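Summary of the model geometry
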Amino acid sequence: LILHHLHATFPSDSFIAEESSEALKLDNVLSNTILQAIMELKEEGVPSNVQELMDSIDLGQTYNKDGSTKEGGAGIKRRVWCLDPIDGTKGFLRGKLDGGQYAVALALLEVSFFFFLEF
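Here is a short report on the structure shown in this document. (Residues numbered from 1 in each chain as written. Predicted model: local features only at pLDDT ≥ 70, side-chain atom pairs only at ≥ 80, totals over all residues. Heavy atoms only, no water.)

Overview of the environment of V80
Along the polypeptide, V80 turns up in strand 2 (residues 79-87). Taking the relative accessible area as the measure of exposure, V80 reaches 11% and is therefore buried. Taking the C-alpha atoms as reference points, V80 and S12, 68 residues apart in sequence, are found 9.6 Å from one another. When neighbours within four sequence positions are excluded, V80 is seen to be in contact with S14, I16, Y63, A107, L108 and L109. (Helix = DSSP H or I, 4+ residues; strand = E, 2+ residues; numbered from the N terminus. Buried < 20%, exposed > 50% of the residue type's maximum accessible area, 1.4 Å probe, protein only. Contact = heavy atoms within 4.5 Å.)

Encoded structure:
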């Protein structure tokens, strides 16, 4: 949902996230369960079908491991959002009551250009 909302608000920005929709593509029950949970939020602007959900998750898959942009990418963008939705997965799985600690990590990287003129 985070990438979905960021993309709606900043459509020309780029995104990096480690999660992809591969597991959802392999498991229709899982993808429909997640979509149903999202729909129960009754929040405006959320994915309304499984394909839109997977597309939103895959917004973070813009770069290859070597840093190059994936096929169809628009090259290096001025602004790039980096998201780790569950930083501390083991802590998240343990849960709040069992001493689990986790965070939603979100960063914005913005390229600035500096010019130096020498006469």
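Some remarks on unusual backbone geometry
Even without a glycine there, the phi angle at K42 is positive, about 55 degrees. With respect to the helices and strands, K42 occurs in the loop between helix 3 (28-40) and helix 4 (50-57). Judged by its relative accessible area of 76%, K42 falls in the exposed class.

Overview of a nonpolar patch on the surface
Nonpolar side chains collect at one region of the surface, where I2, V104 and L106 lie side by side and expose about 240 Å² of accessible area between them. Relative to the helices and strands, V104 resides in strand 3 (residues 103-110). Note on V104: relative accessible area 52%, which makes it exposed. (Patch = residues over 30% accessible without salt bridge, like charges linked within 9 Å, V, L, I, M, F, W, Y side chains within 5 Å. Areas by Shrake-Rupley, 256 points an atom, 1.4 Å probe, with all protein chains shown as cover. Salt bridge = Lys/Arg side-chain N within 4 Å of Asp/Glu carboxyl O.)

Some words on the pattern of salt bridges
If you walk through the whole model with that rule in mind, you get three salt bridges. Ionic pairing is found between E22 and K25, a salt bridge with its closest N-O pair at 3.5 Å. Here K25 and E22 lie together in helix 2 (residues 22-26), a separation of three residues that amounts to about one turn. When its relative accessible area of 44% is taken as the criterion, K25 is described as partly exposed. Several salt bridges share partner residues, and in doing so they unite E22, K25 and D58 into one network.

Here's the deal with the nonpolar core
Listed in full, the seven residues of the largest apolar core are L24, L35, I38, V46, V50, L53 and M54. Listing elements by their share of this core, those giving two or more residues are helix 3 and helix 4. Beyond its immediate chain neighbours, meaning those up to four positions away, L24 contacts L30, S31, I34, L53, M54 and I57. Counting six residues, the second-largest nonpolar core is a separate cluster that includes L3, L6, A17 and W81. (Core = buried A, V, L, I, M, F, W, Y, C linked by side-chain atoms within 4.5 Å.)

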